[in-house]
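One letter stands for each residue in the lines below.
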Amino acid sequence: MAHTTVDPTGKAPVTLLGLGAMGTALARTWLAAGHPLTVWNRTPARAAALAADGATAAATAAEAVAANTLVVVCLLDDASIDQALAGADLTGRDLVNLTTTTPEQARARAAWARERGARYLDGGIMAVPPMIGVPQAGGYVFYSGPRDLFDRHRPTLAVPAGTRWVGEDPGFAALHDVALLSAMYGMFAGVAHAYALIRKEDIDPATLAPLLADWLTAMTPAVHETADRLRTGDYTTDVVSNLAMQVAGTPTFLATAERQGVSSELLTPYFDLMRRRLAEADGSEDLTGVVDLLLR
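Given the structure is predicted, the values throughout are model-derived calculations rather than measurements. (Residues numbered from 1 in each chain as written. Predicted model: local features only at pLDDT ≥ 70, side-chain atom pairs only at ≥ 80, totals over all residues. Heavy atoms only, no water.)

**What about the overall build of the protein?**
Alright, step 1. Of regular secondary structure, the protein possesses twelve helices and eight strands.
Alright, step 2. Here the protein holds 296 residues, and 39% of them are scored as buried.
Alright, step 3. By sequence separation, contacts in the protein at least 24 residues apart represent 60% of the contacts at least 6 residues apart.
Alright, step 4. Averaging the positions of the 23 positive and the 32 negative side-chain charges in the protein gives two centres separated by 5 Å. (Helix = DSSP H or I, 4+ residues; strand = E, 2+ residues; numbered from the N terminus. Buried < 20%, exposed > 50% of the residue type's maximum accessible area, 1.4 Å probe, protein only. Contact = heavy atoms within 4.5 Å. Lys, Arg positive; Asp, Glu negative; His and termini not counted. Charge placed at Lys NZ, Arg CZ, Asp CG, Glu CD.)

Below, the structure is given as structure tokens:
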């Protein structure tokens, strides 16, 4: 029969499935904070290393699940969850899934957990392993699912990283995760293009770096402005650099890239959207209308 560890210190026991770089960082943080920890990993050597630091290494995932009510899963992908938990009894368990998935996979996993008698929270980790257990690093985890379940486990979940509950819909944590990371990759694309422009010149990238970082920081208020315009539907009030003016300036960027021997492939998709919006809408808008073009 499944049983739950009772810890006399008052620290909530945790079961953790998956000991990759992120799982190991989570495990070490819970152990350092005094939480009794049961771990399982497909490669037993990783669990053995944590056992030396006080964790209980379970021989199977089912054994690990049976040990504690709170079960945290941090595996490679959604399919890995099916494989790991195929023989586990989830009845009465609180399953917290920190595996990176799509919103639809998270919603399906929530239904899957309910069918097996478990309560479910989904999570999206906004951190890399070195940020785990380091509050000043600013890492946190999005959580979605029942608010009462989140509140119940929040003190334990907050040990490795900050917590942000984003709604009852179990897919919302994954959606927030992908939204933020998508913006990150867009920024990385712009940074890559900027460095490529100076790559063949006698310009030290280290001298451009602080200018680039400061400029990107100065542009961040646009994130809030765009949100306000999307909420109100007003894309034209108090616009400083309108769409028509910005589209007119795009040939300069393309010509400069051509002259520097740099591909424009990171710029042209966005410029194409700007031109499409200008053809369909008021040139006095800002760039918010591009968001609407992306909706299918």
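**Concerning the packing of helix 10 (residues 243-259) against helix 11 (residues 268-280)**
Angle between the axes and distance between the axes are the two parameters that describe a pair of packed helices.
Alright, step 1. At their nearest, the axes of helix 10 and helix 11 sit 10 Å apart, and the two run at 145 degrees to each other. In this structure, the crossing between helix 10 and helix 11 has a hand that is left-handed. Counted together, L243, A244, Q246, V247, T250, F253 and L254 of helix 10 and T268, F271, M274, R275, R277 and L278 of helix 11 form the full contact between these two elements.
Alright, step 2. Looking at the contact of helix 10 with helix 11 residue by residue, the class counts come to eight nonpolar, three polar and two charged. (Axes fitted to C-alpha atoms, helices over the stretch in contact; angles between N-to-C directions. Left-handed = near helix turned anticlockwise from the far one by under 90°. Nonpolar A, V, L, I, M, F, W, Y, C, P; charged D, E, K, R; others polar.)

**Quick look at the confidence of the model for the protein**
Alright, step 1. Across the protein, the average pLDDT comes to 96, with 97% of residues at or above 70.
Alright, step 2. Counting contacts from residues 1-6, a segment whose pLDDT is below 50, to residues more than four positions away or on other chains yields 14 contacts. (pLDDT = per-residue confidence, 0-100.)

**Some points on the nonpolar core**
Alright, step 1. Of all hydrophobic cores here, the largest spans 29 residues; its most connected members are L16, L26, L37, V39, V72, V96 and L98.
Alright, step 2. For this core, the elements supplying multiple residues, two or more each, are strand 1 (14-17), helix 1 (21-32), strand 2 (37-40), helix 2 (44-51), strand 4 (70-73), strand 6 (119-126), strand 7 (140-144) and helix 6 (147-157).
Alright, step 3. It is helix 1 that contributes the most residues to this core, six residues altogether.
Alright, step 4. Setting aside anything within four residues of it in sequence, one finds L16 in contact with G23, L26, A27, W30, L37, T38, V39, W40, V72 and C74.
Alright, step 5. Core analysis: the next-biggest nonpolar cluster, separate from the first, contains 20 residues, L17, A58, V73 and A88 among them. (Core = buried A, V, L, I, M, F, W, Y, C linked by side-chain atoms within 4.5 Å.)

**Concerning the packing of aromatic side chains**
Alright, step 1. On inspection of all chains with the given rule, the structure shows four aromatic pairs.
Alright, step 2. Ring centres 5.7 Å apart and planes at 40 degrees place the aromatic pair Y143 and F150 in the tilted group. When sorted by exposure, Y143 lands in the same class as F150, which is buried.
Alright, step 3. Between the aromatic rings of F253 and F271, the centroid separation amounts to 5.9 Å while the plane-to-plane angle is 50 degrees, which identifies the pairing as tilted. Placement of F253 in helix 10 and of F271 in helix 11 is noted, with a sequence separation of 18 residues between them.
Alright, step 4. Residue F253 is classed as partly exposed on the basis of its relative accessible area of 48%. (Phe/Tyr/Trp six-rings, centres within 6.5 Å; stacked < 30°, edge-to-face > 60°.)

**Quick look at the pattern of salt bridges**
Alright, step 1. In this structure the tally under the stated criterion is 13 salt bridges.
Alright, step 2. The salt bridge involving R28 is made with D53; its shortest N-O contact spans 2.3 Å. Pair noted here: R28 is in helix 1 and D53 is in the loop between helix 2 and strand 3 (56-57), with a separation of 25 residues, a long-range link.
Alright, step 3. A relative accessible area of 45% places D53 in the partly exposed class.
Alright, step 4. Of the charged contacts in the structure, one is a salt bridge between R107 and D169, with a shortest N-O distance of 2.8 Å. One end of the pair, R107, is in helix 5 (residues 103-115); the other, D169, is in the loop between strand 8 (162-165) and helix 7 (172-198), with 62 residues separating them in the sequence.
Alright, step 5. On the accessibility criterion, R107 (26% relative accessible area) is partly exposed. (Salt bridge = Lys/Arg side-chain N within 4 Å of Asp/Glu carboxyl O.)

**Some points on the pairing of strand 7**
Working note: regular strand, side chains alternate between the two faces of the sheet.
Alright, step 1. For strand 7, a buried count of five out of five residues is recorded, marking the element as mostly surrounded by other parts of the structure.
Alright, step 2. Burial along strand 7 is two-sided: Y140, F142 and S144 and V141 and Y143, pointing in opposite directions, are all buried.
Alright, step 3. The pairing of strand 6 with strand 7 spans five bridges and is antiparallel. Bridging across to strand 7, G124 finds its partner in F142.
Alright, step 4. Pairing of strand 7 with strand 8, which is carried by four bridges, proceeds in the parallel orientation. Its bridge partner lying in strand 8, F142 is registered against R164.
Alright, step 5. Handedness of the strand 7-helix 6-strand 8 crossover: right-handed. (Pairing = 2+ DSSP bridges. Right-handed = clockwise from strand over helix to strand, strands pointing away.)

**Re a nonpolar patch on the surface**
Alright, step 1. On the surface, a cluster of nonpolar side chains totalling about 690 Å² of accessible area is made up of L181, Y185, M187, F188, W215, L216 and M219.
Alright, step 2. Counting residues per element, the ones that place at least two in the nonpolar patch are helix 7 and helix 8 (205-219).
Alright, step 3. With four residues, the single largest contributor to the nonpolar patch is helix 7.
Alright, step 4. With respect to the secondary-structure elements, W215 resides in helix 8. (Patch = residues over 30% accessible without salt bridge, like charges linked within 9 Å, V, L, I, M, F, W, Y side chains within 5 Å. Areas by Shrake-Rupley, 256 points an atom, 1.4 Å probe, with all protein chains shown as cover.)

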